[in-house]
Amino acid sequence: MAVITYREALNHALREEMERDDRVFLVGEEVGVYGGAYKVSQGLLEKFGERRVVDTPICESGFTGVGIGSAMVGLRPIVEMMTFNFALVALDQIVNHAAKLFYMSGGQFPIPLVIRGPGGPAHQLAAQHSQSMESYFCHVPGLKVVRPTSPRDAKGLLKSSIRDDNPVIFIESETLYGVKGEVPDDADFLIPLGVAEVKREGRDVTAVAYSGMYYRVLEAAEEVEKTDGISVEIVDPRTLRPMDTETILASVRKTHRVLVAESGAGFAGMGSEIASFITESAFDDLDAPVTRIFGANAPMPYARNLERLKTPSKERIIDAIRKLCSV
Amino acid sequence: SINFLGGHAIVGGYLPIAAGVGFAFRYEDRARVILCVFGDGSVPQGEFHESMNLAGLWKLPVVFICENNRYAMGTAIQRALAQTDISKFAAAYAMPGEACDGMDVLAVRECVGRAVARARESKAPTLVEARTYRFRGHSMRDPAAAVYRTKEEVEEEKRRDPILGLRERLRGAGALDEAAWQALVERVEARVNDAVEFAEASPEPPAEWLTADVYA
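Residues numbered from 1 in each chain as written. Chains lettered and ligands numbered in written order. Predicted model: local features only at pLDDT ≥ 70, side-chain atom pairs only at ≥ 80, totals over all residues.

## A few points about the overall build of chain B
Thought 1: Within chain B, the regular secondary structure consists of seven helices and six strands.
Thought 2: In chain B, the succession of helices and strands from N to C terminus is α-β-α-β-β-β-α-β-α-β-α-α-α.
Thought 3: Dimensions of chain B along its principal axes, counting C-alpha atoms only, are 50 × 50 × 40 Å.
Thought 4: Summarising the internal contacts of chain B: among those between residues at least 6 apart in sequence, 73% fall at separations of at least 24. (Helix = DSSP H or I, 4+ residues; strand = E, 2+ residues; numbered from the N terminus. Contact = placed C-beta atoms within 7 Å.)

In C-alpha cells, the structure reads:
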C-alpha cells in the first residue's frame, strides 16, 4: 500500500485498466501531448501511443458521440471532460444517447462508457468553471454517477467504472487532485459502484457528505467532538446513482439525527433526494427533521470573499450540528 | 446482427455516434464502413459540423449521406442554410463531397458505391448529397403540406418519382414487362401488409418491460 495523490490514483487506474484491456482508450481535450489539463493522464501517451490516447479538438458533443459510437460496437472508451462544466455542451449526447440507447434498443447495445473529469467548486474559477452538477446527471435513468472522495476511492471506483457496462459519469475535483492517501497497488483492487462507506464512526449525528464537502464536514466533526462532545458519524455515498440507501439508513437508525451536506444549490439537489428517502424509510427513527446544508442560490462568484460565502463553511456545518443535537 | 445501429430521434444527434463507429473500425483495423443517413435539417446543427470535422481530421471510414429533400419539417432550405449546395460543406472538412440525383436509384447506388470503396481503400470519409423530395407531409399532423410549399411544386416534383422513373428505365431497356412489374408490386404490397399484420397481431409489451434494460 503506497501513499499517493488522488491524481496519481486516477492515473494508476487508467494505466492498469488500459494495460488489462486493449478495448479501453482515453479520448478528450489535451489528454495526450499536453498530459491532461490537470495532469491526470500524464505519461499515458508515451506508454500507449496515439491509437489509445486520443487528443481531440474542442468539440464536446463530437468526441462524446465518438465515445458512444465506439462503445456501441465493442470498445470501452473513457471520455475526459477537461472540466465537467464543458459536459453541458455534450448534454444531448449524454442524456439522449448514452443513457438511452440500451433501453431504446431493447438491450441490444450496452454503452460501456466512462465520462470523467473534475467538477464542483474550485478556487476562483467563477461561474462557468466552478459548479456542482451531479444532481443533473443523477436525474437521468440509465446513467450511473460517481463522486470519489479519497485517493483510494478514486482508484477503486474508476477501475470499477471502466469495467461497468453502463455509461458512468465520474466527477473528480480540482481541489482534491493533490490530496494524499493510502491506495492499494493491487491491479485488481476495485470498489464496487453503489456501495457507501462509513468514513468516520460516531454516535450522535449522521452526516452524509462526499467529495470536497466530506473534508469540510470532517473538520467540523473533529471540532464539535472537542468543544461539545458531539460524536458525528460520516457516511460517504461515493456513488450517487445507484445510491447505497441501506448503509445510510443503518447509520440513521443508530444516531437518529441527520445532516446532509452538499456544495451545490439546494433546490432539487442531492440533499433533497437523500432527505426524502430517509424520511420515507426511517421517519420513526428520527429525533429531528433531516437538516440540509447546501450552497447559496447563486452562480459561483469570482470574488474570493463571495466565493467563501457561496459554499457551506465549516462554521455553518458546526452550527447545524449543534442545532440538530439541541433538539 | 444485421449491422443496423438503430433509428435516432434527435436531428443531427447521431452523427457524432456514426463518427465513433468509424473510429472503432479504424481502432480495430477492420475493413468496415459506416453509412450515416440524415436530412438537410441536420446540416445547420453543430453536431453535423463536429462530426464532419472529426471524420475528416482522423480519416474515419464514414459515408455521410444527406437526403436533401429541401424542407426540414416546414422550413425550406433557403430559409435554413447560408450555403444550400450541401455537398460543398465537404471541402471545409477536407473530404470529397458528391451530389447525386436522389430520385435516380442507380445514380445513388453508383455515388454511394464510390464513397464506400473510398472508405474501404483509403479509410477516408465522403459527404454524399442525394437531392430528393418529400411528396407527403412531414407527419400525420401535416397531411397537406400546403402551408410552406405550393401544390404545383409538389405535383411537379411527383414527375420525378424514383420508383416510376426506375420502372421506365427498366422497360426501356427491355428488362421489365407489365406482368413482371405487376408481380413486383404485389410482392412489395404483400410484404408491407405482412409487416402491418405482424405488428397489429403482436401483443402489447408486458408491464415488466417498463423498467427492463435501463441498465446493462
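## Some thoughts on the overall build of chain A
Thought 1: Helices and strands together make up the secondary structure of chain A, namely 12 helices and 14 strands.
Thought 2: Here chain A has a C-alpha radius of gyration of 20 Å; the compact-globule value for 327 residues is 20 Å, and the two agree.
Thought 3: Projected onto its principal axes, the C-alpha coordinates of chain A cover approximately 60 × 45 × 40 Å.
Thought 4: For chain A, with 327 residues in total, the buried portion stands at 55%. (Rg over C-alpha atoms; globule rule 2.2 N^0.38 Å. Buried ≥ 20, exposed ≤ 12 C-beta atoms within 10 Å, placed from the backbone.)

## Some words on the interface of chain B and chain A
Thought 1: Tallying the contact residues gives 23 residues for chain B and 31 residues for chain A.
Thought 2: Tallying contributions element by element places helix α1 (residues 15–27) of chain B first for the side of chain B that touches chain A, with nine residues.
Thought 3: For the side of chain B that touches chain A, the per-class residue count stands at 14 nonpolar, six polar and three charged. (Nonpolar A, V, L, I, M, F, W, Y, C, P; charged D, E, K, R; others polar.)

## So, unusual backbone geometry
Residues and elements named next belong to chain A.
Thought 1: A cis amide bond, omega 0 degrees, links Arg241 with the succeeding residue Pro242.
Thought 2: By the secondary structure assignment, Pro242 is in the loop between β12 (239–241) and α9 (245–255).
Thought 3: The phi angle at Ser211 is positive, at roughly 55 degrees, despite the residue not being glycine.
Thought 4: Following the sequence through the fold, Ser211 ends up in helix α8 (residues 211–228).
Thought 5: Even without glycine at this site, Arg238 takes up a positive phi of about 65 degrees.
Thought 6: Of the residues examined, Arg238 has 27 C-beta atoms within 10 Å and is grouped as buried.

## Quick word on the sheet that holds strand β2 (residues 24–28) of chain A
Residue and element names in this part refer to chain A.
Thought 1: Strand order in the open sheet made by the seven strands is β3-β2-β4-β5-β7-β6-β12, with mixed pairing throughout. Both edges of this open sheet fall to β3 (53–55) and β12, since each of them pairs with a single strand only. The sheet shows a mean angle of 20 degrees between the axes of neighbouring strands, direction not considered.
Thought 2: In this sheet, strand β4 (residues 76–80) lies alongside β2 in parallel orientation, the contact comprising five bridges. By the bridge assignment for β4, Phe25 is matched with Pro77. (Pairing = 2+ DSSP bridges. Axes fitted to C-alpha atoms, helices over the stretch in contact; angles between N-to-C directions.)

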